[in-house]
Amino acid sequence: MSTLLERINNPDDLKQIPRYDLPKLAEEIREVIINTVSKTGGHLASNLGVVELTIAIHYVFNAPVDKIIWDVGHQTYTHKLLTGRRERFHTLRQYQGISGFPKRDESIYDTFNTGHSGTSISVALALAKSRDVRCEDNSVIAVIGDGSMTAGLAFEGLNNGGALNSDMIVILNDNEMSISPNVGALSVHLNRILTGQLFNKMRSEVEMIFKAIPRIGNQMVRFAERVEEAIKGIFVPGRLFEDLGFKYVGPIDGHNIPHLLDTFNSVKKLKGPILIHVVTKKGKGYPPAEKEADSFHGTPPFDIKTGNFIKKETPPSYTDIFSKTLVEIAREDERIIGITAAMADGTGLDRFATEFPHRFYDVGIAEQHAVTFAGGMALEGFKPVVAIYSTFLQRAYDQILHDVCIMNLPVTFAIDRAGLVGEDGPTHQGLFDISYLRSLPNMVVMAPKDENELRHMLRTALDYHGPAAVRYPRGSGVGVPIDKKLISIEMGIAEVLRDGKDVVILAIGNTVYPALESAVQLELDGINATVINARFIKPLDTDLIGKLAKKIGFIVTIEENVLQGGFGSAVLEYLSESGLTDVRVKRIGIPDEFVAHGSPQIIRKNYGLDEGGISRIIREVFESRPLRKMGVSSRPSREIPHNHFPDIR
Ligand SMILES: Cc1ncc(C[n+]2csc(CCOP(=O)(O)OP(=O)(O)O)c2C)c(N)n1
């Protein structure tokens, strides 16, 4: 016998399921999500929390005519299962499988691509306004979590939405959690609403009693309403949203399907901007995820029975090494402040928070504020470290420029997940930071070849009297021995790892070890490569690069960043400025396109960023041009100092 879910290929099929069967459907969906995510990994807890909510939205509204915009989009697994992707659901987040986020390319039911928090209200407002201009009458619904509601962008949307007064619905999915428990004054406000429910119940009961009194009952209700208006700010829920121009409805139980259906059916007919406050439980229906919603926010594969994560034995992650090193340095230096935008666990700042609670700030999903706040702290003599993922730092570009770099303030940017991130796809790849940071005056940009060098670079950044960024990749380190003593690396000095006469491979960050391995492969073909660990993207070691360019005449740059404006571009700019225009340069990196989801190994291979790819690309250049003609023979080459060629570590 087929399950209810198997009968659903689109929201119209869903509407054929009787209301009383919807809780059973919810159970089936939960089972599919848990089974799938236990194998693929993914955003389990957020998705388990919105199963009933998603069913109710699709049951009442009429997608794709009615527009549903999912904020962040990490909670769309039920939506995907109900909108034609049931059979492909097992390919979730896999290379060439379905995405873990809404994607317009994937389905007509995915209204807007999302991945970063706080965009949904602005989009919903735009779609509502466009509808008004066209004199159409579809509904527009933004679904946003209480964590994402802390983003400044969400408030900008609310502010504009309340004023424009278009018909739109914002569903606030309040589970009192961001990735970890939600923070900030808004979360306190929402919590007050939840705990103020008693007052609402009391209010309706009093109203009923008054109305039952013959003759004067209605008068008393009107009087009570006037009194209520006066004390609204103290007791009535949602006053904040009402003042912003949104009709507040709620709080309502987000797991009670009949209640959700009735609410949505009534609200659908209302005019103007409406905010429905829905209360859900993150991880609902899977006890390990209910208990540890933060660990199960984004989970690797896990054992369903025990809830234990299935992890391979790997060297410590870059995040972990950063986390420990920062604590080590902060023990000696009281000026160090840790700042995160809702990612204490992900960035490893949780360790800092435990040891130095008074020097730690989780500012909510507010990257712009995090950076400006850091600028202010630096001004006051502190040494703020903003630990942030490369992709989310994009949000704060103006703040880096305007509130840090112009004043040359000593803020350290610990940029995690720089490079390919894998399964989360294009919205999360950290492929732009080299380009967007190296163009800023005063900014130092470094990338370590391994986790040991990350430690020294953090020390270097904190010793520097201006803004400095250290970018490092997602996942485990290389497994190198860790130096106990931290040293400041000399500013702008690269490291020569291998000496060869035919080609100079200039690698940065996690491309250094693959470059070294490719040099070994090339040796077998008679191609001798010099391999440089550039260490600094800015300032670039132009002395060394210039000398090698003149001596060898063929440079290959490698970076896990877009080629436009990246590390290779910096090298080309330098060569051009210094008149070294006859040096042959081949850049390896990400071309001018967004990179899809899939395991980093597959993606690296596709872009020639692994050792096999690097040696193949270099070999191809040699095959297209005789080897000996590569050198820039017209200029006398200066000797490279001997100490530039230390042993490979
Ligand atoms: C701009 C930005 N910063 C950080 C993140 C990382 N992130 C993904 S989901 C999330 C928490 C979202 O909380 P909420 O909106 O309440 O959704 P929930 O997972 O609790 O359902 C965060 C911080 C992001 N996606 N975008």
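Residues numbered from 1 in each chain as written. Predicted model: local features only at pLDDT ≥ 70, side-chain atom pairs only at ≥ 80, totals over all residues.

**Topic: the packing of helix 14 (residues 318–332) against helix 21 (residues 451–463)**
Then, in step 1: The interhelical angle for the contact between helix 14 and helix 21, taken along N-to-C directions, is 40°, at an axis separation of 9 Å. Here helix 14 is positioned oblique relative to helix 21, judged by the angle of their axes. Along this stretch, helix 14 crosses helix 21, giving a crossing that reads as right-handed. In this structure, helix 14 uses Tyr-318, Ile-321, Phe-322, Thr-325, Leu-326 and Ile-329 to contact helix 21, whose residues at the interface are Glu-451, Leu-454, Arg-455, Leu-458, Arg-459 and Leu-462.
Then, in step 2: Its residues assigned to classes, the contact of helix 14 with helix 21 comprises eight nonpolar, one polar and three charged. (Axes fitted to C-alpha atoms, helices over the stretch in contact; angles between N-to-C directions. Helix = DSSP H or I, 4+ residues; strand = E, 2+ residues; numbered from the N terminus. Parallel < 35°, antiparallel > 145°, perpendicular 65-115°, else oblique. Left-handed = near helix turned anticlockwise from the far one by under 90°. Contact = placed C-beta atoms within 7 Å. Nonpolar A, V, L, I, M, F, W, Y, C, P; charged D, E, K, R; others polar.)

**A few points about the site of the ligand**
Then, in step 1: Around the ligand, the surrounding shell holds 25 residues, and the nearest of these are Ser-46, Ser-117, Gly-145, Gly-147 and Ser-148.
Then, in step 2: The class makeup of the residues in the shell around the ligand is eight nonpolar, 13 polar and four charged.
Then, in step 3: When we break the shell around the ligand down by domain, the ones giving at least three residues each are domain 1 (5–179 + 238–291) and domain 2 (318–471). (Near = placed C-beta within 6 Å. Domains from an automatic or database assignment.)

**Points about the sheet that holds strand 6 (residues 336–340)**
Then, in step 1: If you trace the seven strands from one edge of the open sheet to the other, you get 7-6-8-9-11-10-15, paired in mixed fashion. The sheet terminates laterally at strand 7 (360–362) and strand 15 (536–538), the two strands that pair on one side only. Averaged over neighbouring strand pairs, the angle between their axes works out to 20° when direction is ignored.
Then, in step 2: Where strand 10 (residues 444–446) lies against strand 11 (residues 468–471), three bridges are found, and the strand directions are parallel. Along strand 11, the bridge assignment pairs Met-446 with Val-470. (Pairing = 2+ DSSP bridges.)

**Digging into the domain arrangement of the chain**
Many authors give the size of an interface as the accessible area that is lost as the parts come together.
Then, in step 1: Annotation of the chain at the domain level lists domain 1 (5–179 + 238–291), domain 2 (318–471) and domain 3 (495–638).
Then, in step 2: On the side of domain 3, 29 residues touch domain 2, which itself brings 22 residues to the contact.
Then, in step 3: Going through the elements one at a time, helix 20 (433–438) and strand 10 are the ones with two or more residues in the side of domain 2 that touches domain 3.
Then, in step 4: Taken together, the residues of the side of domain 2 that touches domain 3 break down into eleven nonpolar, six polar and five charged.

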